[in-house]
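Chain by chain, the residues run as shown.
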Amino acid sequence: MDFTLTESALAVQRGVGDICSRYDLDYWQRCEADKRWPEEVWADLAKGGWLGLAVPEEYGGGGQGLLELAVATETLSASGAAGGSAFTYVLTPGFGALTLARHGSAEQRAELLPRLATGEVETCFALTEPDAGSNSLAISTSARRDGDEFVINGQKIWITGVQRATWMLLVTRTIPAAEAKPRTNGLTVFLVNVPDAVAAGRLTYQPIPKMGANTTPSNMVFVDDLRVPASSVVGQVDQGAAVLWDILNPERVLLAASALGGAEVALRVAVAYAKEREVFGRPIGANQAVAFPLAQVKAKIELARLMLYKAAWSFDQRLPCAMEANIAKLTASQAAWEAADAAFQTHGGMAYSLEYPVARLLTDARIGKVAPVTEELLLNYLATQVLGLPRSF
């Protein structure tokens, strides 16, 4: 059994790491404070070809998989971006390139994959709804067939990156949930041209004020009588569940990678402060009450990383990976929160000062325990689907 990363993954780690070394913690602090996308980093990643990792080589990409995307996300996050970095690799390389490479039609792949590889085109993903929440099968956004078109109506919430996206992967019901047998039937995923839909007045959005991760806005989205051609279906009509699982599992993996990187940042910041800060004539890191929580965090980071890489590798091998993806997301998010909390405790009262990045790391880490799926639902999956325990509903 070989636990070393593949040469392609190591090359990604080096390449993305080289770009990230040009941007320090202060840069990421400013991006968050100014609520702006890290344009400079995005441009450098695009120029270096690091956004097209999951695009097949025939379309101008790197021909790599989820493992390389996870390594890129983790590397970017660990450089100082922390949890907010996930959106760089989730929104376009993950939601867009990875999904279309697997499920897009020949025309969709030919039109979009080359431009996704260069960063010219960006994507977002619209699933969650106000009345459905984590119960994705209960969404009510409807798509009704009308000749060669579909007419879409509905509402989405917490949709990140709409402002920058050229295309939205929009999940709809073509069979109402109450009529679908089984309930996974009747889901259909569409590619929606965001600028065209906005210009026509058929898609509107409203940013949601957030406590963190402000480099990318999240939004309420409203869809009113939006007409899209049947050729915009990703996968097959009524069979969108197959597409959805290949979006949600990579999303969990990439968010786990981002959480792990955030944990590394928090740990690095805490260790540096524990070495430098002296009280009672010695560095505070000499005290076991400070040192042991940080050592515990390190152990949990390494454990979570093993499952993260296994989940990504399994996806790339087209093996079942839902259990691994859920465990990776659960454990990485817990490690990130514990790392940020330990960093806060290590800094003491100075953690409240925005001179230090601890507050940003704490808010970024906290969101991972509830989004895009709550910790409780991850545990419920493991309890019922893996352990076979009775369902409560």
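Rules behind the numbers
Residues numbered from 1 in each chain as written. Predicted model: local features only at pLDDT ≥ 70, side-chain atom pairs only at ≥ 80, totals over all residues. Heavy atoms only, no water. Phe/Tyr/Trp six-rings, centres within 6.5 Å; stacked < 30°, edge-to-face > 60°. Buried < 20%, exposed > 50% of the residue type's maximum accessible area, 1.4 Å probe, protein only. Lys NZ or Arg CZ within 6 Å of the ring centre and 35° of its normal. Pairing = 2+ DSSP bridges. Helix = DSSP H or I, 4+ residues; strand = E, 2+ residues; numbered from the N terminus. Salt bridge = Lys/Arg side-chain N within 4 Å of Asp/Glu carboxyl O. Axes fitted to C-alpha atoms, helices over the stretch in contact; angles between N-to-C directions. Parallel < 35°, antiparallel > 145°, perpendicular 65-115°, else oblique. Left-handed = near helix turned anticlockwise from the far one by under 90°. Contact = heavy atoms within 4.5 Å. Nonpolar A, V, L, I, M, F, W, Y, C, P; charged D, E, K, R; others polar. 1 Å grid on protein atoms, 1.4 Å probe; cavity = no way out; pocket = protein on both sides within 12 Å on 5 of 7 lines; lining within 4 Å. Points joined across faces, edges and corners; volume = space filled by probe spheres on them. Core = buried A, V, L, I, M, F, W, Y, C linked by side-chain atoms within 4.5 Å.

Trainee: Just to check I follow, could you spell out the packing of aromatic side chains for this structure?
Mentor: Here a ring pair, both rings aromatic, is described through the centre-centre distance and the interplanar angle of the planes. Inspection of every chain in the model, using the stated rule, returns seven aromatic pairs. Both rings, one in Tyr23 and one in Tyr27, keep their centres 4.8 Å apart while their planes meet at 50°; by these two values the pair is tilted. With relative accessibility at 6%, the residue Tyr27 sits in the buried group. Three or more aromatic residues joined by ring pairs make a cluster, and in this case those are Tyr23, Tyr27 and Trp28. The aromatic ring of Phe315 is capped on one face by Arg102, whose charged end is 3.8 Å from the ring centroid. Across the ring face of Trp42, the terminal group of Arg164 is positioned such that the distance to the ring centre comes to 6.0 Å.

Trainee: How should I be thinking about the pairing of strand β3 (residues 149-160) in this particular structure?
Mentor: Regular strands place their side chains on alternate faces of the sheet. As judged from the five bridges shared by strand β2 (residues 142-146) and β3, these two strands associate in the antiparallel manner. Each bridged residue has a counterpart across the sheet, and for Arg145 the counterpart in β3 is Phe150. Connecting β2 to the antiparallel partner β3 that follows it, the hairpin turn spans two residues, and Gly147 within it adopts a positive phi of roughly 65°. Bridge count for β3 against strand β7 (residues 218-229) is nine bridges, and the pairing is antiparallel. Paired with Ile152 across the strands is Leu226, a residue of β7.

Trainee: Sorry, what's going on with the pattern of salt bridges here?
Mentor: When the charged atoms of two side chains lie near each other, side chains of opposite charge can form a pair. Enumeration over the complete set of coordinates arrives at 19 salt bridges. In this structure, Glu39 engages Arg164 in a salt bridge whose closest nitrogen and oxygen atoms are separated by 2.8 Å. Of this pair, Glu39 sits in helix α3 (residues 39-47) while Arg164 sits in the loop between β3 and β4 (167-173), placing them 125 residues apart in sequence. Linking Glu302 and Arg305 is a salt bridge whose minimum nitrogen-to-oxygen distance equals 2.9 Å. Within this pair, Glu302 and its partner Arg305 are both found in helix α9 (residues 288-316), separated by three residues, close to a single helical turn. Each of the salt bridges in this network shares a partner with another, and the network as a whole consists of Glu74, Glu264, Lys298, Glu302 and Arg305.

Trainee: Explain the packing of helix α5 (residues 86-103) against helix α8 (residues 240-276) to me, please; I cannot follow it from the model alone.
Mentor: A packed helix pair is summarised by two numbers, namely the angle formed by the two axes and the spacing between the axes. Remark: α5 packs on α8, axes separated minimally by 10 Å, with the N-to-C direction vectors making an angle of 150°. Between α5 and α8, the interaxial angle falls into the category roughly antiparallel. In the packing of α5 onto α8, the handedness of the crossing is right-handed. Of the residues in α8, those in contact with Ala86, Tyr89, Val90, Gly94, Phe95, Leu98, Thr99, Arg102 and His103 of α5 are Ala242, Val243, Asp246, Ile247, Pro250, Glu251, Leu254, Leu255 and Ser258. The residue inventory of the contact of α5 with α8, partitioned by class, reads 11 nonpolar, four polar and three charged.

Trainee: What is the right way to read the layout of surface pockets from this model?
Mentor: The method is simple in principle: a probe with the dimensions of a water molecule rolls over the atoms, and the space it marks as empty is what remains. Of the pockets and cavities examined, the second largest pocket occupies roughly 460 Å³. Asp2, Phe3, Leu306, Tyr309 and Lys310 are the residues nearest the centre of the second largest pocket, which is lined by 14 residues in total. Across the lining of the second largest pocket, the residue classes break down as seven nonpolar, three polar and four charged.

Trainee: Would you explain the nonpolar core in this entry?
Mentor: Note on soluble globular proteins: their nonpolar side chains tend to be buried together. By size, the foremost hydrophobic cluster in this structure holds 104 residues, and its most contacted members are Val16, Tyr89, Phe125 and Leu308. For this core, the leading source of residues is α8, giving 20 residues. With near-sequence residues (within four places) excluded, Val16 lies in contact with Leu45, Trp50, Ala72, Thr75, Leu76 and Tyr89. Of all hydrophobic cores here, the second largest spans 20 residues; its members include Ala126, Phe150, Leu203 and Leu226.

Trainee: I'm lost on the side chain of Glu122 in this one. Help?
Mentor: Looking at the element boundaries, Glu122 is found in the loop between α6 (106-118) and β1 (123-126). Glu122 gets classed as buried once you look at its relative accessible area, which sits at 10%. With residues near it in sequence (within four places) discarded, Glu122 still touches Trp42, Thr92, Arg164, Ala165, Thr166 and Trp167.

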